[in-house]
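Chain residues, written in single-letter form:
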Amino acid sequence: MRIEHRINEFQVAAAVVSAGDCVALMPRYTSDLSSHPGLVLRPLAHPGVGRYIDCLARPETLERVTVQTVLAEVRNITTSLTEHPAEG
């Protein structure tokens, strides 16, 4: 499989899949496909997928101690999760 595009909005991803010859990875319990009745969700046994967390901020905002503290905590949490993944 080849990744051609990343879409962060699940309704947009569903519309793209519905209109074309492609698939999308979507969360099982939070994806509402009611506006796309021709689509189905299929579980993956061992998806081996991750998640990207983006931080969008102005450069001057990133200099604030409070923002640096929050970003450091996000890094700590994600590092601990990747070092000790939950059993699934």
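Residues numbered from 1 in each chain as written. Predicted model: local features only at pLDDT ≥ 70, side-chain atom pairs only at ≥ 80, totals over all residues. Heavy atoms only, no water.

Per an unreviewed UniProt entry, the protein goes by the name LysR substrate-binding domain-containing protein and belongs to Aeromicrobium duanguangcaii.

1. Things to note about the overall build of the protein
What counts here: Strands here are runs of E lasting at least two residues and helices are runs of H or I lasting at least four, both read from the DSSP assignment and numbered beginning at the N terminus. Radius of gyration: over C-alpha atoms. The globule rule applied is 2.2 Å multiplied by the number of residues raised to the 0.38 power. Summary of the burial criterion: residues with accessible area below 20% of their type's maximum are buried, those above 50% are exposed, and those between are partly exposed, where the area comes from a 1.4 Å probe applied to protein chains only. What sets the accessible areas is the Shrake-Rupley method with a 1.4 Å probe; for residues, cover comes only from the shown protein chains. Residues counted as positive are Lys and Arg, residues counted as negative are Asp and Glu, and His and the chain ends are not counted. Where a charge sits is defined by one atom per residue type, namely NZ (Lys), CZ (Arg), CG (Asp) or CD (Glu).
Tallying secondary structure elements over the protein gives two helices and zero strands in all. A globule of 88 residues ought to have a C-alpha radius of gyration of about 12 Å, yet the protein, at 17 Å, is considerably larger. Along the first, second and third principal axes, the C-alpha atoms of the protein reach 50 × 35 × 25 Å. Per-residue burial for the protein yields a buried fraction of 10% across its 88 residues. Of the roughly 8300 Å² of accessible surface on the protein, 56% is carried by carbon and sulfur atoms. Side chains of the protein carry 8 positive and 10 negative charges; the gap between the two charge centres is 2 Å.

2. A few points about the environment of E83
Along the chain, the position of E83 falls in helix α2 (residues 65-83). With a relative accessible area of 54%, E83 lands in the exposed category.

3. Focus on the UniProt feature "domain: LysR substrate-binding" (unreviewed entry) in the protein
Applicable threshold: UniProt positions are given in the numbering used here, feature names are shortened, and annotations may be inferred rather than shown by experiment.
Here the UniProt-annotated "domain: LysR substrate-binding" (unreviewed entry) positions come out as residues 2-75. When the span residues 2-75 is considered, its composition is 28% helix and 0% strand, and the gap between its end C-alpha atoms is 28 Å.

4. Looking at the side chain of H36
Looking at where H36 falls in the secondary structure, it is placed in the loop between α1 (10-19) and α2. For H36, a relative accessible area of 14% gives the class buried.

5. So, α1
Test applied: Working note: the arc is built from the helix axis to C-beta atom directions.
Taken together, the buried positions of α1 are occupied by A13, A14 and V17. For α1, the arc enclosing every buried residue in end-on projection is 100°, short of the 170-degree limit, so these residues lie on one face.

6. Describing the environment of E9
Applicable threshold: Think of a polar contact as two N or O atoms within 3.5 Å of one another; within protein, one of them needs to be a possible hydrogen donor and the other a possible acceptor, and neighboring residues in sequence only count if both atoms come from side chains.
Inspection of the secondary structure puts E9 in the segment before α1. Given a relative accessible area of 44%, E9 falls into the partly exposed group. When the C-alpha positions of E9 and L71 are compared, they lie 23 Å apart, and in sequence the two are 62 residues distant. Within the structure, the side chain of E9 is placed 3.2 Å from the backbone nitrogen of Q11, a separation counted as a polar contact.

7. As for the environment of Q68
Selection rule: Any two residues whose heavy atoms approach within 4.5 Å are treated as being in contact.
Along the chain, Q68 falls in helix α2. Given the relative accessible area of 41%, Q68 is considered partly exposed. Taking the C-alpha atoms as reference points, Q68 and G50, separated by 18 residues in sequence, lie 23 Å from one another. Apart from the residues lying within four places of it in its own chain, the contact partners of Q68 are L62 and E63.

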